[in-house]
Amino acid sequence: MGLTLLLVIFGFGVVIGMPVAFAMGIAAATAFWWEGFPMLITFQRATAGVSVFSLLAIPFFVFAGEIMLHGGIAARLVRLASALVGHLKGGLAMVNVFSSMLFGGISGSAVADISALGSLLIPVMKERGYRPDYAVNVTVTSSIAGIVIPPSHNMIIFAVAAGGGISVSGLFLAGVIPGILMCICLAIAAYILSVKHNYPKEDFPGWGEVGRSAADAIPGFFTAVIIVGGTLSGVFTVTESGAFGAIYAVLLCTFYYRSLSWAKFIRSVTGAVRTTAMVMILIAFASSFGYLLALYQVPTRLSDVLVAISDNPIIILLMINLILLLLGMIMDMAALILICTPIFLPICKGLGMDPTQFGIMLLINLGLGLCTPPVGTCLFVGCAVGKIRIEEALKSIWPFYIAILGALILVTYVPAVSLWLPGLLN
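Since the structure is predicted, the reported quantities are computational estimates derived from the model, not experimental observations. (Residues numbered from 1 in each chain as written. Predicted model: local features only at pLDDT ≥ 70, side-chain atom pairs only at ≥ 80, totals over all residues. Heavy atoms only, no water.)

**Student:** Talk me through the overall build of the protein chain; I want residue IDs and the actual numbers.
**Tutor:** When you go through the protein chain residue by residue, the secondary structure sums to 22 helices and zero strands. The C-alpha radius of gyration of the protein chain comes to 21 Å, within 12% of the 22 Å expected for a compact globule of 426 residues. Expressed along its principal axes, the backbone C-alpha trace of the protein chain runs to roughly 70 × 45 × 45 Å. Relative to its full complement of 426 residues, the protein chain shows a buried share of 55%. If you take every contact in the protein chain between residues at least 6 apart in sequence, the share linking residues at least 24 apart comes to 79%. About 17400 Å² of surface is accessible on the protein chain, with carbon and sulfur atoms providing 71% of the total. With 19 positive and 16 negative side-chain charges, the protein chain shows a separation of 8 Å between the mean positions of the two kinds. (Helix = DSSP H or I, 4+ residues; strand = E, 2+ residues; numbered from the N terminus. Rg over C-alpha atoms; globule rule 2.2 N^0.38 Å. Buried < 20%, exposed > 50% of the residue type's maximum accessible area, 1.4 Å probe, protein only. Contact = heavy atoms within 4.5 Å. Areas by Shrake-Rupley, 256 points an atom, 1.4 Å probe, with all protein chains shown as cover. Lys, Arg positive; Asp, Glu negative; His and termini not counted. Charge placed at Lys NZ, Arg CZ, Asp CG, Glu CD.)

As structure tokens, this is what we get:
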């Protein structure tokens, strides 16, 4: 009965539009009350969930991304991408995907990617004869590269949700090849559609322009180098790397690029505070919720159900992916990381999957959920930027879904895709 109360109240809260964090908190408090626990336990579990040192890196990561968003880094990355790949068929689509790969590795945020790059590229693509739905779909689906390519605050959330023992630096390394692979798959899909619709290509500006664009954009890359390199080298902890990365971003945009005004700085701080607050509240109540899931042995019961259907690891992993895809359509990514990790990680470890590989599989899977209705944050933002209806975008987005699913399948069933680089450098 306690488990039923927990799930029904949580599900009802999500359906009526209640913020997921509050739905989890109310459901957990009700279940604790039903089981006879003191109500104080709910808040003790919540505070324990956010009393993790590595979580201090999240506000720094988010703040660095906001500074890069408002500090003009995106425009410089677009210029570099345009010089490198703009001359290919459907050149602006290639620029879009390549820019997302570059900016995602700095901002670590899919929504920031769409906000920055979409506002720059979607209007230009429409002016050059690209269909509005095509321009939006390329931008939306390529934006999730920021979730997988390091640094990514979602990787820190996963490491915390996994209960410790998973290296954040290992996750950073594991995300590099899958993130690039996903962008390559999207670029192939974009190219095929460009040929089909005879979209234009841009003139090659010459290697001199490539060099100038690279020189202008490279200082921005050092934000990612400081965060990832500092963590991998052991010079800094993840939190310290995030702090130094944020300081560098502020100094770079203020004194080198001279593109960060006081108004933009305030917007960056406000955006970082808002995002951090939402994430921390979510982590806090998810800790109470996850404690109850463990108390009710939900992972064990679900594992028994999946094994009863099939004992083939390939089939079980396929079912887990399908469940995650369906959940990603109706819930926010951070919440699902916190809820699903304690449930599915033990099952996948029992099948012999490395926890780091599971983490990358989870991130790609839930990243796809950001591009799918009815709760597709990236899809909503992209359609708003492109000024088209969601229904219009959905009619033609399926080739890009297939491209992401192709990368997801490789990550799921070929461990070397995500584990080769961490194994090489360890």
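Picking up where we left off.
**Student:** Describe the pattern of salt bridges, with residues and values.
**Tutor:** Under the counting rule described, the total for this entry stands at six salt bridges. Between Glu 209 and Arg 212 there is a salt bridge whose closest N-O contact spans 3.4 Å. Of this pair, Glu 209 and Arg 212 are both found in helix H12 (residues 207–233), three residues apart, which corresponds to roughly one turn of the helix. Shared partners join several salt bridges into a network, and the residues in it are Arg 76, Arg 79, Glu 209, Arg 212 and Asp 216. (Salt bridge = Lys/Arg side-chain N within 4 Å of Asp/Glu carboxyl O.)

**Student:** Explain the packing of helix H16 (residues 313–328) against helix H21 (residues 398–413) to me, using residue names and the numbers behind them.
**Tutor:** Put simply, H16 and H21 touch, their axes get as near as 11 Å, and they point 135° apart. When the axes of H16 and H21 are compared, the pair comes out oblique. Between H16 and H21 lies a crossing whose hand is right-handed. Where H16 abuts H21, its residues Ile 314, Leu 317, Leu 318, Asn 321 and Leu 325 lie against Leu 405, Leu 408, Thr 412 and Tyr 413. (Axes fitted to C-alpha atoms, helices over the stretch in contact; angles between N-to-C directions. Parallel < 35°, antiparallel > 145°, perpendicular 65-115°, else oblique. Left-handed = near helix turned anticlockwise from the far one by under 90°.)

**Student:** Please give an account of helix H14 (residues 262–295) that cites residues and values.
**Tutor:** An ideal rise of 1.5 Å per residue puts 50 Å on 34 residues; H14 measures up with 49 Å between its terminal C-alpha atoms. Backbone geometry just downstream of H14 places Gln 297 in the positive-phi region, at approximately 55°. (Expected span 1.5 Å × (residues − 1).)

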